[in-house]
Amino acid sequence: QVQLVETGGGLVQPGGSLRLSCTFSGFTLDYLAIAWFRQAPGKEREGVSCIGSVGTRILYADSVKGRFTMSRDNAKNTVYLQMNSLKPEDTAVYYCAGVYAQWGGLVRGQYDYWGQGTQVTVSS
């Protein structure tokens with residue numbers, strides 16, 4: 001089955017940047033739609049960004065639009081989330097998710113494969 005591993009989380013001050021990576025194994029990335037979700041303590045998991053299998057369509061949540069950038073490198077079986085101008089409210093565990101489809105959107109139920117998550121903490 002498809003396996004996803006997220007890396008790149010850590011502690012950063014407000015206004016700083018981090019780049020998360022999600023590496024896939026067990027299946028080619030070419031035909032997977034991918035998304036990033038996050039979950040803060042006491043809150044429900046929410047969609048952050050998603051990209052279609054073709055890679056030309058990308059959607060961002062309003063809360064991160066203009067600050068985060070998602071990309072994919074199918075040759076490396078890796079998806080990235082570049083996070084700039086980070087805010088304390090961005091603090092959460094970030095999860096990578098995939099589905100064998102052209103598009104999944106920011107709906108949790110659309111995705112079949114999930115990583116273990118990586119912690120992002122934005123604090124002074």
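Residues numbered from 1 in each chain as written. Predicted model: local features only at pLDDT ≥ 70, side-chain atom pairs only at ≥ 80, totals over all residues. Heavy atoms only, no water.

A. Main features of the pattern of salt bridges. In this structure the tally under the stated criterion is 3 salt bridges. The closest approach of N and O atoms between E46 and R38, which form a salt bridge, is 2.8 Å. The partly exposed category is assigned to E46, whose relative accessible area is 36%. Overall, the relative accessible area of 6% leaves R38 in the buried class. A salt bridge links R67 to D90; the shortest N-O distance between them is 2.8 Å. (Salt bridge = Lys/Arg side-chain N within 4 Å of Asp/Glu carboxyl O. Buried < 20%, exposed > 50% of the residue type's maximum accessible area, 1.4 Å probe, protein only.)

B. Just the pairing of strand 3 (residues 18-25), in detail. Two elements, strand 1 (residues 3-7) and strand 3, share 5 bridges in a ladder whose sense is antiparallel. Bridge assignment links T7 to a residue of strand 3, and that residue is S21. Summarising the sheet, strand 3 and strand 8 (residues 78-83) pair through 6 bridges and their orientation is antiparallel. Opposite T23, over in strand 8, you have T78 as the bridge partner. (Pairing = 2+ DSSP bridges. Helix = DSSP H or I, 4+ residues; strand = E, 2+ residues; numbered from the N terminus.)

C. Main features of the nonpolar core. The biggest cluster of nonpolar side chains holds 28 residues, and the ones touching the most others in it are F24, I34, W36, L81, M83 and Y94. Of all the secondary structure elements, the ones that give two or more residues to this core are strand 3, strand 4 (33-39), strand 5 (46-51), strand 7 (68-73), strand 8, strand 9 (92-99) and strand 11 (118-122). Among the elements that line this core, the one with the most residues is strand 3, at 4 residues. Those residues in contact with M83, other than ones at most four positions away along the chain, are G16, S17, L18, L20, R67, F68, Y94 and V120. (Core = buried A, V, L, I, M, F, W, Y, C linked by side-chain atoms within 4.5 Å. Contact = heavy atoms within 4.5 Å.)

D. The state of the cysteines, seen in detail. Taken as a whole and assessed by the stated rule, the structure comprises 1 disulfide. Bridging C22 to C96, the disulfide has an S-S length of 2.3 Å. Because the torsion about its S-S bond is -90 degrees, the bridge between C22 and C96 counts as left-handed. A residue pair is termed long-range when its members are at least 10 positions apart, and C22 in strand 3 and C96 in strand 9 qualify at 74 residues. An identical accessibility class is assigned to C22 and C96; each is buried. With no disulfide of its own, C50 lies 12 Å from the sulfur of C96, the closest cysteine sulfur. Under the relative-accessibility criterion, C50 is labelled buried at 1%. (Disulfide = S-S within 2.5 Å.)

E. Unusual backbone geometry, seen in detail. The phi angle at N77 is positive, at roughly 55 degrees, despite the residue not being glycine. Examined against the element boundaries, N77 turns out to sit in the loop between strand 7 and strand 8. We note that S85 has phi near 50 degrees; this positive angle belongs to a residue other than glycine. Looking at where S85 falls in the secondary structure, it is placed in the loop between strand 8 and strand 9.

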